[in-house]
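Notes for the structure review
Residue strings, one per chain:
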Amino acid sequence: MLRSGDVVHFLVPGVQLVGRAVDVDVALDDRLASRRHAEIEVVGDAVRIRDLGSRNGIMVDGRRVQGSEWIALEDKSHVTIGSTRLVVLEERVRDSMKTAPARPKAKRTLPQQPIAPTGSSATYETFLAEADRAATRGDLERLESATDLLIDTLTAALRQGMPGDPHAVRSASNHALFLAGSRGPADHWLARVFRLATAARAALPMDALSRIERLLGPATVEARDALEVYARELDEELSATTRGRAFLTQLERLRRVSSAARAHG
């Protein structure tokens, strides 16, 4: 993940664009950043970055990157883009919670994946670890199964009033958005993201909303319905803060895009 203050951007396998444009993967609210400033590539455990001919360039750990040279990033590496300083952090499972085992449909069963009691570990951690491994290997079929099961267990636990795990919620949402864009059906995965965020009472990151906006289309009936419930549930509690109002403004834009897609569908 990339962290800037209290804002976190999760990275997925493949190439992600970074910049000021609304349609990039890691959007920066920084007037010194170019619209498409840099790109970050994740392959297995390796992460690297390069400049895309930006106006102000990039710095990694205090060293200015020359031209389009790829620079490897490590845990705790510091990347400066414009006036924004990003810290590279490894994802870690934490804040575990207890849940009852889910009852997955037969088609979602993970082959040769034993689901056994794990002592103090929550059931969802099994699926979170499996999803992370599948994403690293590029195994989309296993990633799909593990992500479905991960969201099932997390949503069930949250609806039972158990304490949430923000890291797991963000990771599950990130995997689902990756699948929506690369494997589909987008409608299924977008609806799952909204329902999980509703159960967690969580504001989705701005970059996630930008990715969702690009995936919404006239066929995403289930996703639009889940979006309406999500917006309605969070409206009152988020409107009390400045950051919450900014989030709701972006969410309202998403609802307008959704309504326009419905009208033209």
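Data block above holds the structure.
What follows deals with the sheet that holds strand β6 (residues 46–51). If you trace the five strands from one edge of the open sheet to the other, you get β4-β3-β5-β6-β9, paired in mixed fashion. This sheet does not close on itself; its edge strands, each paired only once, are β4 (26–27) and β9 (71–73). The pairing of strand β5 (residues 38–43) with β6 spans six bridges and is antiparallel. The partner of V43 across the bridge, within β6, is A46.

A few words on the packing of helix α3 (residues 166–182) against helix α4 (residues 186–200). Two numbers describe how α3 lies on α4: the axes approach to 8 Å, and their chain directions differ by 165 degrees. Compared by their axis directions, α3 and α4 come out roughly antiparallel. Between α3 and α4 lies a crossing whose hand is left-handed. Contacts between α3 and α4 involve V169, A172, S173, A176, L177, L179 and A180 on the former and, on the latter, A186, W189, L190, V193, L196 and A200.

In the structure shown here, the tally under the stated rule is one aromatic pair. Ring geometry for F194 against Y230: centres 5.7 Å apart, planes inclined by 35 degrees, an arrangement best described as tilted. With F194 in helix α4 and Y230 in helix α6 (residues 221–238), this pair connects stretches of sequence that are 36 residues apart. Of the two residues examined, F194 and Y230, each falls in the buried class. Cation over ring: R48 sits above W70, and NZ or CZ is 4.0 Å from the ring centre.

With that settled, consider unusual backbone geometry. At D61, a position not held by glycine, the phi torsion is positive, near 55 degrees. Following the sequence through the fold, D61 ends up in the loop between β7 (58–60) and β8 (63–64). Even without being a glycine, K76 presents a positive backbone phi close to 80 degrees. Relative to the helices and strands, K76 is located in the loop between β9 and β10 (78–81).

Next up on the list: the packing of helix α2 (residues 140–159) against α3. Interhelical geometry of α2 versus α3 gives an angle of 140 degrees and a closest axis separation of 10 Å. On the basis of the axis angle, α2 is oblique to α3. Considering the relative orientation of α2 and α3, their crossing is left-handed. In contact with L140, L143, E144, T147, L150, I151, L154 and L158 of α2, α3 contributes A168, V169, A172, H175, A176, F178, L179 and S182. Its residues placed into classes, the contact of α2 with α3 shows 12 nonpolar, three polar and one charged.

Definitions and limits used
Residues numbered from 1 in each chain as written. Predicted model: local features only at pLDDT ≥ 70, side-chain atom pairs only at ≥ 80, totals over all residues. Heavy atoms only, no water. Pairing = 2+ DSSP bridges. Helix = DSSP H or I, 4+ residues; strand = E, 2+ residues; numbered from the N terminus. Axes fitted to C-alpha atoms, helices over the stretch in contact; angles between N-to-C directions. Parallel < 35°, antiparallel > 145°, perpendicular 65-115°, else oblique. Left-handed = near helix turned anticlockwise from the far one by under 90°. Contact = heavy atoms within 4.5 Å. Phe/Tyr/Trp six-rings, centres within 6.5 Å; stacked < 30°, edge-to-face > 60°. Buried < 20%, exposed > 50% of the residue type's maximum accessible area, 1.4 Å probe, protein only. Lys NZ or Arg CZ within 6 Å of the ring centre and 35° of its normal. Nonpolar A, V, L, I, M, F, W, Y, C, P; charged D, E, K, R; others polar.

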